[in-house]
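Architecture and fold: a report
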Amino acid sequence: MLRKIVVEKLYLFLIILAIGLWSALNMLQMEQDGLAGSDDSLLLKLLLGVIFVLVSGYLLVNYKYVHMGWMGRVLCVLSVYMAIARMAVLPPTVGALSYIYQPMRDVVVVLFFLFTSTLAAKSDELKDFFATWIIVGMLIIAYFFLQNWRFMNAIDEAHMGTAYWILFLMPILLHTPHKWLRYAGLILVGAILFASFKRGGILAFGCGLLAYLFVKEILIGRKFTKLIFFVIAIMALAIVFIVVDNALDNLFTERFMNIKDDGGSGRDQVWATTWRMIQQSEFEHLLFGHGHNSVLTNSPLRLSAHNDFLECIYDFGLFGSLFYFMLHISLIRQIFRNIRLRNPEAAIMAFTYSFFLILSLMSHVLIYPWLAFMGLSWGMGCAGERKALSV
């Protein structure tokens, strides 16, 4: 029995390592190309294939613990629809391999969801092991990010949104029983986001922490002591930031203001342009969409919508958007259900959904591969809810 647990933990560690390397290479490509997957390298394709084989193998061996649930079904339908929309815009010159690989980039979200929900349902020990050692993947990403930040001068030229990779792994680490590791992960994520100068990321991270502490205080029954201390700490850091920034002749403020994450156009202009494109769409496209990432292709600004709700309506139509809205509703209901159950998972769900919503409103999650990490977090949350209901 002990030998079986050791072998399973080694297998899980291989999955974590593969996820970390796949993320880091995706991040490097995003720095260079501006959009993940624009022309994926052979190594990236091989790594995603390895992840599919490893995770699928784990699910087959532990098939009796596999459970999809309502939210899993919604996520599955949305992912399949996105995969079809991705294939619809593939140029006719691509090879047959692309019609296999491209859908995998969307379906991997469901695969990750099933993986962590199965893992958490099978054993708390294995769930804690995976959640604890996910820090390895985070450190790999942090290393590649800092190397890129240092040598490529990415602050001025590239897309520092790749720092979001490490943010999307944080909900997994929050499941670890080691409090010091959770704090270390939060500090690491905050430092990387600050180094990226991504205003949306910093706002999403801050709102996620507020939601996490708020729900945690509700579950414990305290009078929001930690939340008050957190707000005071943020105010103190803001004062320190202003003092240091003034001493450096507004160096940080200028960098925040000059980040070219929307090509020089204000988000209001980008959103207004996307909305006009939606209104001018033919009825067929309004229903079923124009295809994956079509806002970037068709917009006169040559920019994506910088809003997942608008992007979803244009790319996937009203039909595809229905499943996206259903996903949001499922996540919100899940948070409130777990609060009523007094399930500790509710605080992590609140953290995850808060930054997911903020980034969906201000930037993108759907069209980037870090959506897969949402599947990891949502799977653990669903498994935790099932256990709370069975008690």
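Residues numbered from 1 in each chain as written. Predicted model: local features only at pLDDT ≥ 70, side-chain atom pairs only at ≥ 80, totals over all residues. Heavy atoms only, no water.

On to the packing of aromatic side chains. Going through the model one piece at a time under the given rule, you end up with 24 aromatic pairs. Their ring planes at 85° and their centres at 6.1 Å tell us that W165 and W370 sit as a pair that is edge-to-face. Separated by 205 residues along the polypeptide, W165 in helix α7 (residues 164-167) and W370 in the loop between α17 (345-362) and α18 (371-390) bring together distant segments of the chain. Take W165 and W370: they sit in the same class, and that class is buried. Seen in terms of ring centroids, Y324 and F325 are 6.2 Å apart; in terms of plane orientation they differ by 50°. Their pairing is tilted. Put simply, the rings of W22, Y164, W165, F168, F205, Y212, F351, F355, Y368, W370 and F373 touch in pairs and so form one group of aromatic residues. When the ring centre of Y101 is taken as origin, the NZ or CZ atom of K45, which lies over that ring, is 5.6 Å away. (Phe/Tyr/Trp six-rings, centres within 6.5 Å; stacked < 30°, edge-to-face > 60°. Helix = DSSP H or I, 4+ residues; strand = E, 2+ residues; numbered from the N terminus. Buried < 20%, exposed > 50% of the residue type's maximum accessible area, 1.4 Å probe, protein only. Lys NZ or Arg CZ within 6 Å of the ring centre and 35° of its normal.)

A few words on the environment of M68. Inspection of the secondary structure assignment puts M68 in the loop between α2 (42-61) and α3 (69-88). For the pair M68 and F113, spaced 45 residues apart in sequence, the C-alpha to C-alpha distance is 8.3 Å. When residues no more than four places from it in sequence are discounted, the contact partners of M68 are R73, C76, V110, F113 and L114. (Contact = heavy atoms within 4.5 Å.)

Residue position: E345 is located in helix α17. Residue classification places E345 among the buried residues on the basis of a relative accessible area of 9%.

All right, on to helix α10 (residues 199-220) then. When the terminal C-alpha atoms of α10 are compared, their 32 Å separation across 22 residues agrees well with the 32 Å that a helix rising 1.5 Å per residue should span. Taken as a whole, α10 has its buried residues at G200, G201, A204, F205, G208, L209, A211, Y212, L213, V215, E217 and L219. G221 sits one or two positions beyond α10 and adopts a positive phi of about 90°. (Expected span 1.5 Å × (residues − 1).)

With that out of the way, let us pick up the packing of α17 against α18. Contact geometry of α17 with α18 gives a least axis separation of 10 Å together with a crossing angle of 150°. With respect to each other, α17 and α18 are oriented roughly antiparallel. Handedness of the α17/α18 crossing: left-handed. Across the interface between the two elements, E345, M349, T352, F355 and F356 of α17 pack against M374, S377, W378, M380, G381 and G384 of α18. Of the residues that constitute the contact of α17 with α18, the class distribution is 6 nonpolar, 4 polar and 1 charged. (Axes fitted to C-alpha atoms, helices over the stretch in contact; angles between N-to-C directions. Parallel < 35°, antiparallel > 145°, perpendicular 65-115°, else oblique. Left-handed = near helix turned anticlockwise from the far one by under 90°. Nonpolar A, V, L, I, M, F, W, Y, C, P; charged D, E, K, R; others polar.)

We now examine the pattern of salt bridges. Side chains that differ in charge, positive against negative, can pair when their charged atoms come close. Per the stated rule, a full pass over the model turns up 6 salt bridges. K387 is the partner of D124 in a salt bridge, and the nearest nitrogen-oxygen pair spans 2.5 Å. One end of the pair, D124, is in helix α5 (residues 124-151); the other, K387, is in helix α18, and 263 residues separate them in sequence. (Salt bridge = Lys/Arg side-chain N within 4 Å of Asp/Glu carboxyl O.)

If you walk through the whole model with that rule in mind, you get 4 cavities of 30 Å³ or more. Reported here for the largest cavity is a volume of approximately 90 Å³. What lines the largest cavity is simply M82, R86, R105, D106, V108, V109, L366, I367, Y368, P369, L371 and A372. Of all the secondary structure elements, the ones that give two or more residues to the lining of the largest cavity are α3, α4 (98-122) and α18. Top element by residues in the lining of the largest cavity is α4. It accounts for 4 residues. (1 Å grid on protein atoms, 1.4 Å probe; cavity = no way out; pocket = protein on both sides within 12 Å on 5 of 7 lines; lining within 4 Å. Points joined across faces, edges and corners; volume = space filled by probe spheres on them.)

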